[in-house]
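These are the residues of each chain, in order.
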Amino acid sequence: MIRFDKVVKRFGDNVVLRELDFQVRPGEHVCLIGPSGSGKTTILRLLMTLERVDSGTIDVGGECLTHMQHRGKRVPADEKHLRTVRKRIGMVFQQFNLFPNMKVLQNLTEAPVRVLGLSRDQAEQRALELLEMVGLRDRADAHPSQLSGGQQQRVAIARALAMHPDVLLLDEVTSALDPELVADVLNVLKDIAKTTDITMLIVTHEMGFAQDVADRVLMFDQGRVVEQAAPGKLFTDPDQQRTRDFLRAVLERR
Amino acid sequence: MNDKWSWDYVAEILPDLLRGLLVTVQATALGAILAYALGLVLALLRRSQIPVLSQLTWAFIEVIRSTPLLVHIYFVFNVLPQFGITLSPLTSGVLAIGVHYACYTAEVYRAGIDGVPRGQWEACTALSLPRGRVWTAVILPQAIPRVLPALGNYTISMYKEVPLMFAIGVLDIVGRAQEAASESFRAVEPYTIAGLFFLALSYPAGVLVRRLERRVGYAQ
Ligand SMILES: Nc1ncnc2c1ncn2[C@@H]1O[C@H](COP(=O)(O)OP(=O)(O)OP(=O)(O)O)[C@@H](O)[C@H]1O
Ligand SMILES: [Mg+2]
């Protein structure tokens, strides 16, 4: 479903991803863990086309995201090409990024109506189903500012799902939340992982959650995959010293 | 010449001064609408992906901001006719003041647009929203409330600068006062009343804008 092939990403002199290779199968749930600055967010932002690769290629669902054919030559993707591939991907941000000028319901219907071409009725019905799923059906008429952080994040998840993405990117979606609000959001995500076949790429520091939902955990450091394994193996018996150190540091922090 | 304040004289000139007030308010309103609309267009052109367009816009804004409104008023009224565009004094004045202030409101809009958090743009990208909707449904609805106080302040400035149009024969408040004063050789009453007219609208408008500023401040 997702394939990174020798992807290099730099910010100035700072090489963030160094010839990164990895693949994700359709429907797979992959957690990305690693120390701060190791490039986890950058990977998701490249997939969401919020950043561009410096070299290498990214494929999503058999289509190349980073390049396109132009007059028989392979050239960097232009905005039009990016638009077509981007539609299959959804993202949930650490800071929610709901549209504060719209009510909750309109946050969920805007893109389905404008991008997928649903009628307003269809879009609203689907939005209410999704709000039901995240436990917020009765807040459809609220403004985002009237919701708690945890509620806003659940709305943001519903908003991403309203676009029927094949791939869902989640970047530390609970780290801006008060501790008592984290569980509700994680439960919603577990529910999605269980009941849909959406491919999920999850950056998280919640190791218990990763253990529950991940098919595979990738440990990153300095823009490379240090180690990858099923969560049961990686969390209890990692091969690399680097992974052991990182997991110990995370456990101590809590 | 009688130095004492004469209410009879006031009653005599008041209708003309009120007619002048109407012209001033009209010129301000029309000029402001032009300044709000054109300012937004300039702000968007300034952000254009096409370098020539954004550079030309930048140059235009800088030229206008570096030259006096009076010159723009004379320019529209006296120079444009040579290119076959002849406008009435009031229309010329409105066009000049509207374009002049558009170059200031453009800056206001730019700041308002820059004030919308980057995450809002990124959410739009993540949802594949088309560019037009990004602006009309997400960015501008968040940027414009923040810029209303600044637009209000510029509107008050415009109101006070309309008298410059007297230079091309627009009979605004000051124009009417000047006429009355030169006909009767009495200057105290017309200019005092003219001043009061300005005060009577500018001051409450200023209070309103400051209240708006506080509300917008809270909203953020
Ligand atoms: N827009 C940018 N401009 C310059 N440098 C950037 C930018 N975005 C990220 N970086 C740098 O890239 C590196 C990787 O950042 P990234 O956000 O991907 O790390 P991360 O693994 O998500 O870290 P964290 O756990 O703190 O979120 C960091 O050194 C960061 O400073
Ligand atoms: Mg990050």
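As shown above, the structure is provided for reference.
Residues numbered from 1 in each chain as written. Chains lettered and ligands numbered in written order. Predicted model: local features only at pLDDT ≥ 70, side-chain atom pairs only at ≥ 80, totals over all residues. Heavy atoms only, no water.

A. Just the overall build of chain A, in detail. For chain A, the helix and strand inventory stands at nine helices and 12 strands. Taking 254 residues into account, the globule formula puts the C-alpha radius of gyration at 18 Å, and chain A, at 19 Å, falls close to it. Expressed as lengths along the three principal axes of its C-alpha atoms, the size of chain A is roughly 55 × 50 × 30 Å. Taken across its 254 residues, chain A has 54% of its residues classed as buried. The contacts of chain A with a sequence gap of at least 6 include a subset with a gap of at least 24, amounting to 62%. Of the roughly 11600 Å² of accessible surface on chain A, 44% is carried by carbon and sulfur atoms. (Helix = DSSP H or I, 4+ residues; strand = E, 2+ residues; numbered from the N terminus. Rg over C-alpha atoms; globule rule 2.2 N^0.38 Å. Buried < 20%, exposed > 50% of the residue type's maximum accessible area, 1.4 Å probe, protein only. Contact = heavy atoms within 4.5 Å. Areas by Shrake-Rupley, 256 points an atom, 1.4 Å probe, with all protein chains shown as cover.)

B. Quick peek at the site of ligand 1. All names here are of chain A. What surrounds ligand 1 is the set Phe11, Asn14, Val16, Pro35, Ser36, Gly37, Ser38, Gly39, Lys40, Thr41, Thr42 and Glu172. One of the side-chain N or O atoms of Lys40 is found 2.8 Å from an oxygen atom in ligand 1. Residue Thr42 places a side-chain N or O atom 2.5 Å away from an oxygen atom belonging to ligand 1. Residue assignment for the shell around ligand 1 shows that the elements contributing at least two residues are β2 (14-24) and α1 (40-47). In terms of residue count, the dominant contributor to the shell around ligand 1 is α1 (three residues). Across the shell around ligand 1, the residue classes tally to three nonpolar, seven polar and two charged. (Near = heavy atom within 4 Å. Polar contact = N/O pair within 3.5 Å; in protein donor to acceptor, adjacent residues only side chain to side chain. Nonpolar A, V, L, I, M, F, W, Y, C, P; charged D, E, K, R; others polar.)

C. Examining the side chain of Glu172 of chain A more closely. Inspection of the secondary structure puts Glu172 of chain A in the loop between β9 (167-171) and α6 (179-195). Excluding its chain neighbours within four sequence positions, the residues that come into contact with Glu172 of chain A are Gln94, Val203 and His205 of chain A.

D. Looking closely at the nonpolar core. With 55 residues, the main nonpolar core has Phe4, Leu47, Ile58 and Leu169 of chain A together with Leu129 of chain B as its most contacted residues. No other element matches the nine residues that helix α6 (residues 131-161) of chain B contributes to this core. Once you skip the residues sitting within four places of it in the chain, Leu47 of chain A turns out to touch Ile2, Phe4, Ile58, Val60, Leu65, Ile89, Leu169 and Leu201 of chain A. If you look at the next biggest cluster of nonpolar residues, it comprises 50 residues, including Leu189, Ala214, Val217 and Val250 of chain A. (Core = buried A, V, L, I, M, F, W, Y, C linked by side-chain atoms within 4.5 Å.)

E. Inspection of the packing of aromatic side chains at higher detail. Evaluation of the coordinates by the stated rule reveals eight aromatic pairs over all chains. Relative to Trp135 of chain B, the ring of Trp121 of chain B lies with its centre 5.2 Å away and its plane at 80°, an arrangement referred to as edge-to-face. Within this pair, whereas Trp121 of chain B is found in helix α5 (residues 118-126), its partner Trp135 of chain B is found in helix α6, the two being separated by 14 residues in sequence. Since its relative accessible area comes to 22%, Trp121 of chain B is described here as partly exposed. When the ring centre of Phe11 of chain A is taken as reference, the NZ or CZ atom of Lys9 of chain A above it lies at 5.0 Å. (Phe/Tyr/Trp six-rings, centres within 6.5 Å; stacked < 30°, edge-to-face > 60°. Lys NZ or Arg CZ within 6 Å of the ring centre and 35° of its normal.)

F. Looking closely at the pattern of salt bridges. Evaluated as defined, the whole model comprises 25 salt bridges over all chains. Its salt-bridge partner being Arg3 of chain A, residue Asp59 of chain A comes within 3.0 Å of it at the nearest N-O pair. Taken together, the positions of Asp59 of chain A in strand β4 (residues 55-60) and Arg3 of chain A in strand β1 (residues 2-11) put the pair 56 residues apart, joining distant regions of the chain. Here Arg3 of chain A falls in the partly exposed class, since its relative accessible area comes to 34%. Among the charged side chains, a salt-bridge network with shared partners connects Arg45 and Glu51 of chain A together with Arg118 and Glu122 of chain B. (Salt bridge = Lys/Arg side-chain N within 4 Å of Asp/Glu carboxyl O.)

G. Expanded view of the sheet that holds β9 of chain A. All names here are of chain A. Read across the open sheet, the six strands follow the order β8-β9-β10-β3-β11-β12; overall the sheet is mixed. Strand pairing shows two members of the sheet lacking a second neighbour, β8 (89-92) and β12 (224-229), which therefore form its edges. This sheet shows a mean twist of 20° between the axes of neighbouring strands, independent of strand direction. Taken together, the five bridges between β9 and strand β10 (residues 199-203) define a ladder with parallel strand orientation. Each bridged residue has a counterpart across the sheet, and for Leu170 the counterpart in β10 is Ile202. (Pairing = 2+ DSSP bridges. Axes fitted to C-alpha atoms, helices over the stretch in contact; angles between N-to-C directions.)

H. Highlighting the interface of chain B and chain A. Across the contact, 17 residues belong to chain B and 22 residues belong to chain A. Carbon and sulfur atoms make up 62% of the surface buried where chain B meets chain A, a total of about 1600 Å² over both sides. In terms of surface lost to chain A, no three residues of chain B exceed Glu122, Leu127 and Ser128 of chain B, which account for 33% of the buried area on that side. Applying the counting rule to chain B against chain A returns two salt bridges. The salt bridge involving Glu122 of chain B is made with Arg45 of chain A; its shortest N-O contact spans 2.9 Å. Sorting the residues of the side of chain B that touches chain A by element identifies α5 and α6 of chain B as the ones contributing at least two each. Residue contributions to the side of chain B that touches chain A peak at eight residues, all from α5 of chain B. For the side of chain B that touches chain A, the class distribution of residues is nine nonpolar, five polar and three charged. (Buried area = accessible area lost by both parts, 1.4 Å probe.)

I. Spatial organisation of the sheet that holds β4 of chain A. All names here are of chain A. Sheet architecture is open: four strands sit in the order β2-β1-β4-β5, paired in antiparallel fashion. The strands lining the two open edges of the sheet, one partner per strand, are β2 and β5 (63-64). On top of the sheet, α1 reaches β1, β2 and β4; it is set at about 115° to β1, its chief contact.

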